[in-house]
Amino acid sequence: MNFLEERIIKDGKVKPNNVLKVDSFLNHQMDISLMEEIGREFRRRFSDKQITKVLTIEASGIGIACFVAKEFGVPMVFAKKSHSINIDSEVYIAQVESFTHKNINNIVVSKQFITAEDRVLIIDDFLANGCALQGLIGITKSAGATVEGIGIVIEKGFQIGGQIIRNLGIQLESLAIVDAMDAETGTVTFREQ
Ligand code: 5GP
């Protein structure tokens, strides 16, 4: 088991409806030493790529993406969830269905911050059905930039997102892949990587 899998076993909580809560160390309270280790691990896994921007989506991707961007020495950009209907022409926009809240959000990134020269590493906390990632890939492509890779902290391997993204031919690195979890017993089973 790697450092993240060990932490999920120790502090993760399996909730009904295929939700894994990692609020005590990843997306409410954050363990900063763990964030540093996550940043270093993504740096190692994408060490052959010339990354110029790290891109994520608010809110829970932001903290993680900061540590990754620090390792690469590049800016971090986060897509904002926009409730406004009047989206201006200065932003790239995509529609994303939220796995946790089941609503549809517009996500936007200012055209200033992703440009055709950028080589983008997309980072997020979870991969479930892949909607968030498809939105971020769409925004990157709208800018004419390239997606160099995707780094996910926890992939839920029993949901469809991982397969969709791998079928696109993008390098997808997930630090932990959960193949099964049981809300009654609290057990989490990881995929051997
Ligand atoms: P997707 O778009 O891949 O369906 O879902 C990814 C997004 O939903 C992530 O950005 C994450 O915030 C949220 N998410 C999906 N599954 C879980 C989960 O099991 N636990 C938590 N805490 N967030 C999740």
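These numbers were taken from a predicted model, which means no experiment stands behind them.

## Re the packing of helix H2 (residues 32-45) against helix H3 (residues 60-72)
Packing of H2 against H3 brings their axes to within 8 Å, and their N-to-C directions diverge by 50 degrees. Put simply, H2 runs oblique to H3. Here H2 and H3 pass one another in a crossing that is right-handed. Across the interface between the two elements, Ile-32, Met-35, Glu-36, Ile-38, Gly-39, Arg-40, Phe-42 and Arg-43 of H2 pack against Ile-64, Phe-67, Val-68, Glu-71 and Phe-72 of H3. Here the residues of the contact of H2 with H3 are counted per class, giving eight nonpolar, one polar and four charged.

## What about the packing of aromatic side chains?
Under the definition given, this model contains zero aromatic pairs. Taking the ring centre of Phe-99 as reference, the NZ or CZ of Lys-102 above it sits at 4.3 Å.

## Remarks on unusual backbone geometry
The amide bond that connects Glu-58 to the next residue, Ala-59, takes the cis arrangement and shows omega of 5 degrees. By the secondary structure assignment, Ala-59 is in the loop between strand S3 (53-57) and H3. Look at Asn-17: it is not a glycine, yet its phi comes out positive at around 65 degrees. Note that Asn-17 resides in the loop between strand S1 (13-15) and strand S2 (19-21). If you check the backbone angles, Asn-18 has positive phi at about 60 degrees while not being a glycine.

## A word on the site of the ligand
Surrounding the ligand, one finds 17 residues, the nearest of these being Leu-20, Ala-128, Asn-129, Gly-130 and Lys-156. Asp-124 places a polar side-chain atom, nitrogen or oxygen, 2.9 Å from an oxygen atom of the ligand. In the model, an oxygen atom of the ligand is placed 2.8 Å from a nitrogen or oxygen of the Lys-156 side chain. Summarising the interface, the protein chains cover 90% of the accessible area of the ligand, which totals 510 Å² for the free molecule. Counting residues per element, the ones that place at least two in the shell around the ligand are S2, strand S7 (119-127) and helix H4 (131-142). If you tally residues by element for the shell around the ligand, the top one is S7, at four residues. Looking at the shell around the ligand residue by residue, the classes come out as eight nonpolar, six polar and three charged.

## Overview of the packing of helix H1 (residues 3-11) against H2
Two elements in contact, H1 and H2, have axes separated by 11 Å at closest approach and are oriented at 145 degrees. Contacts between H1 and H2 involve Phe-3, Leu-4 and Arg-7 from the first element and Leu-34, Glu-37, Ile-38 and Glu-41 from the second. Here the contact of H1 with H2 is built from residues that sort into four nonpolar, no polar and three charged.

## Here's the deal with H4
Over its twelve residues, H4 runs 16 Å from end to end, which matches the ideal 16 Å to within 8%, given 1.5 Å per residue. What H4 keeps buried is the set Leu-133, Gly-135, Leu-136, Ile-137, Ile-139 and Thr-140. Phi for Gly-144, located one or two positions after H4, is positive at around 80 degrees.

## Concerning the sheet that holds S7
Strands pair in a sheet through their backbones, by hydrogen bonds, and they do so in one of two ways: parallel or antiparallel. Across the sheet, eight strands lie side by side as S5-S6-S4-S3-S7-S8-S9-S10; this open sheet has mixed pairing. Both outer strands of the open sheet, strand S5 (91-97) and strand S10 (188-190), are each paired with one neighbouring strand and no more. When the angles between neighbouring strand axes are averaged without regard to direction, this sheet yields 30 degrees. Bridge analysis of strand S8 (residues 146-156) against strand S9 (residues 172-181) gives six bridges, and the strand direction is parallel. When the sheet's bridge partners are listed, Ile-150 is paired in S9 with Leu-172. On top of the sheet, H3 reaches S3, strand S4 (76-82), S7 and S8; it is set at about 170 degrees to S3, its chief contact. With respect to the sheet, H4 is in contact with S3, S4, S5, strand S6 (104-110), S7 and S8, its orientation differing from that of S5 by roughly 165 degrees.

Procedures and definitions
Sequence order sets the numbering: in each chain, residues are counted from 1 along the sequence as written. Where totals are concerned, whole chains, interfaces and linings use all residues; where local detail is concerned, this predicted model gives features only for residues with pLDDT of at least 70, and gives and counts side-chain atom pairs only at 80 or more. Only hydrogens and water are set aside when side-chain values are computed; all heavy atoms of the structure are taken into account. Where helices are involved, their axes are fitted lines through C-alpha atoms of the stretch in contact, as for all axes, and angles between N-to-C directions lie from 0 to 180°. Helix and strand definitions here come from DSSP, where helices need a minimum of 4 consecutive H or I residues and strands a minimum of 2 consecutive E residues; each element is numbered from the N-terminal end. These descriptions rest on fixed angle ranges, namely under 35 degrees for roughly parallel, over 145 for roughly antiparallel, 65 to 115 for roughly perpendicular, and the rest for oblique. When the near helix sits turned anticlockwise from the far one by under a right angle, the crossing is termed left-handed; a clockwise turn instead gives a right-handed crossing. Whether two residues are in contact is decided by their heavy atoms: any pair within 4.5 Å suffices. Each residue is assigned to one of three groups, with Ala, Val, Leu, Ile, Met, Phe, Trp, Tyr, Cys and Pro labelled nonpolar, Asp, Glu, Lys and Arg labelled charged, and all others, Gly among them, labelled polar. Only rings of Phe, Tyr and Trp enter the pairing, Trp through its six-membered ring, and a pair is recorded when the two centres are within 6.5 Å. The plane angle decides the type: under 30 degrees is stacked, over 60 is edge-to-face, the rest tilted. Geometrically, a charge over a ring is one whose NZ (Lys) or CZ (Arg) sits within 6 Å of the ring centre while staying within 35 degrees of the ring normal. Throughout, near means a residue has at least one heavy atom within 4 Å of the molecule or strand. In the analysis that follows, any N or O atom pair within 3.5 Å is treated as a polar contact, provided that within protein one partner can donate a hydrogen and the other can accept it, and provided that, for residues neighboring in sequence, both atoms belong to side chains. Surface accessibility in these figures is a Shrake-Rupley result with a 1.4 Å probe; residues are shielded only by whichever protein chains are displayed. Working rule for helices: expected span equals 1.5 Å times residues minus one. Categorising residues by exposure relies on relative accessible area from a 1.4 Å probe, with only protein chains included: less than 20% of the type maximum marks a residue as buried, more than 50% marks it as exposed, and the intermediate range marks it as partly exposed. Paired strands, as defined in this entry, are two strands with at least two bridges between them according to DSSP.

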